[in-house]
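Residue-level listing of the chains:
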Amino acid sequence: MNRLLAALAGVLATLAGVAAGHLVAALLDPATSPVLTVGSQVIDLTPTPVKEWAISQFGDRDKPILVGSVLVGVVLLSAVAGLVARRRFAYGAGVLVLLVAVPATIALTRPAAGPSAVVPSLVALVVGVAGLGWLVRSARPTAAPSRASSASSGPSRRGLLVAFGVVAGVAAVLGGAGRWVASYRSRGVDVDLPAAADPLPPLPRGLEERFSGITPLQVPNDEFYRVDTRLDVPIVDHESWTLTIDGDVEREVTFTFDDLLAMDLVEKDITLTCVSNSVGGKYVGGARWLGVPLVALLDRAGVGSRADQILSTDVDGMTISTPLALATDGRDALLAVGMNGEPLPREHGFPARMVIPGLYGFISATKWVTRMTLTTYAEQDAYWTERDWATDAPIKPSSRIDTPRALADLGAGENVIGGVAWAQFDGGVGRVQVRVDGGPWQDAELGADVGNDYWRQWFLRWDATPGQHRIASRVIDGDGDPQSPARANPFPSGSSGIQELLVTVS
Ligand SMILES: Nc1nc2c(c(=O)[nH]1)N[C@H]1C(S)=C(S)[C@@H](COP(=O)(O)O)O[C@H]1N2
Ligand SMILES: [Mo]
């Protein structure tokens, strides 16, 4: 067996194993897939500056790139396994054991893991070793030929081709099946939610109906941005899910999903924003949330006098901290079960998530939440606190240009400049202004007012002359203060600065 073939045997057998593990994980618990486990661990261990750099370089593609890198690493090591197996099969299998020990260990040590978390890794090992064994054997010289005609003492070419083809096919089919099962299981959930006790009127018509390119006033669920530390979508069974409030409380309380639905539900239009959103970025969205007021839940538990933090924990042990004083200062903090008239999509936290107006999502919007612990910042650190992000992070006011796009080619004459702006404090969005080529700030026209917790659409008609132009926009809050022009990166408490883009008119 030549070297190349041996390396290929290692790679194909390992990919078949990884694919088998991925499929089994998709059926049991998607997070325990060997590749995703390693990827998640990389996310958790990556220093904040590197993470920020990756997000700024790759944006939305950061996760596919991460998973791809993990796969490249797996391919390299599995080629080594194949080369070693060529000399001595047991050693090659040993390399695979070491390789699989990594995801197995990580899976077992993740916060909410049970012993079954290791099953997909074991399946990957068994399939990988079996595949490798078969390929190595099929490439060995065949036993003394029984018929004189087959004079060759080398491996049968046909047998070799079949074996390699079968293992490659198994890898592709199992991998495809795993992906299909995972996406099938993460599709919408079929539960009926009661209506809000006091339903909101339908939203006014948005400017997107008049001007294409402006973001919809209410972002549809399947277009809503997604930001979390996960590579999979947790599949949580709402029948067995519970939310517990504990810590510094008079009495620990636990709610089932039905308990929540039996309470008075409220509806709120709230714009969610990610602290990682750069100026002009897309990690922001407006939606109508249905849920239980957070204070109604906290009141059932009776919050003690020591706590200054709500430390919320998701189904996998990931933690988010929220300043207790801000969550209970009268704003419409919710435990949401519905989004835009549907149950929460799994990507967005089904069965229940927190939503708190005015605070970036990383300190307020815990998805798949199962526990809220009343504690202090001195006693306990949440995930992003350990990574040096701010603990108190109000959303900074900002305006985003949706149309035209940066570097667009436009026709001379009338064009529409439009977008969305938000300013959750100080009277909400007062005005939005547009500046062309560094000239005077001109007032844009505003879309419907949906309240201070919601964003506001805006537009300005612009008579464009041929040439290159710079377009900027800014929001001015209800107190008359413009958004800060000072450039700041997302880390540690949100970006600031004024978005300016270049277009060509001809
Ligand atoms: N369990 C969990 N909840 C989470 C996160 C997470 O990584 N895990 N990310 C938070 C961040 S940073 C943001 S901005 C919002 C995004 O919510 P969305 O994905 O529904 O838009 O969820 C928050 N809730
Ligand atoms: Mo975020």
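On a predicted model such as this, the values are computed, not experimentally measured, just so you know.

**Focus: the overall build of the protein chain**
The number of helices and strands found in the protein chain is eleven helices and 19 strands. With the C-alpha coordinates of the protein chain rotated into their principal frame, the extents come out at 95 × 70 × 40 Å. A total of 506 residues make up the protein chain; the buried ones form 51% of that total. Of the contacts formed within the protein chain by residues at least 6 apart in sequence, a portion of 74% connects residues at least 24 apart. Summed over all atoms, the accessible surface of the protein chain reaches about 22900 Å², with 56% contributed by carbon and sulfur. Looking at the protein chain, you have 42 positive and 52 negative side-chain charges, and the mean spots of the two groups are 15 Å apart.

**Overview of the side chain of S40**
Turning to its location among the elements, S40 is positioned in helix α2 (residues 34–45). Ignoring any residue separated from it by four or fewer positions in sequence, one finds S40 in contact with R110 and L231.

**Considering the site of ligand 1**
Surveying the vicinity of ligand 1 reveals 20 residues, the closest of which are Y225, D314, H348, R353 and K367. At 2.7 Å, a backbone N or O of Y225 approaches an oxygen atom of ligand 1. Taking V227, its main chain carries an N or O atom lying 3.0 Å from an oxygen atom of ligand 1. For ligand 1, the accessible surface in isolation is 530 Å², of which the surrounding protein chains cover 99%. Residue classes in the shell around ligand 1 are distributed as eleven nonpolar, four polar and five charged.

**Some remarks on the domain arrangement of the protein chain**
On domain assignment, one finds that the protein chain holds domain 1 (3–141 + 156–185), domain 2 (207–386) and domain 3 (398–505). Distance between the C-alpha centres of domain 1 and domain 3: 47 Å.

**A word on the pattern of salt bridges**
Tallying each qualifying case throughout the model produces 20 salt bridges. D228 serves as the salt-bridge partner of K63, at 3.5 Å between the closest nitrogen and oxygen. Of this pair, K63 sits in helix α4 (residues 62–87) while D228 sits in the loop between α7 (157–185) and β1 (242–247); the two residues are 165 residues apart in sequence, bridging distant segments of the chain. In this structure, R461 engages E414 in a salt bridge whose closest nitrogen and oxygen atoms are separated by 3.3 Å. On the criterion of sequence distance, the pair formed by R461 in strand β17 (residues 456–464) and E414 in strand β13 (residues 413–422) is long-range, its members being 47 residues apart.

How each quantity is defined
Residues numbered from 1 in each chain as written. Chains lettered and ligands numbered in written order. Predicted model: local features only at pLDDT ≥ 70, side-chain atom pairs only at ≥ 80, totals over all residues. Heavy atoms only, no water. Helix = DSSP H or I, 4+ residues; strand = E, 2+ residues; numbered from the N terminus. Buried < 20%, exposed > 50% of the residue type's maximum accessible area, 1.4 Å probe, protein only. Contact = heavy atoms within 4.5 Å. Areas by Shrake-Rupley, 256 points an atom, 1.4 Å probe, with all protein chains shown as cover. Lys, Arg positive; Asp, Glu negative; His and termini not counted. Charge placed at Lys NZ, Arg CZ, Asp CG, Glu CD. Near = heavy atom within 4 Å. Polar contact = N/O pair within 3.5 Å; in protein donor to acceptor, adjacent residues only side chain to side chain. Nonpolar A, V, L, I, M, F, W, Y, C, P; charged D, E, K, R; others polar. Domains from an automatic or database assignment. Salt bridge = Lys/Arg side-chain N within 4 Å of Asp/Glu carboxyl O.

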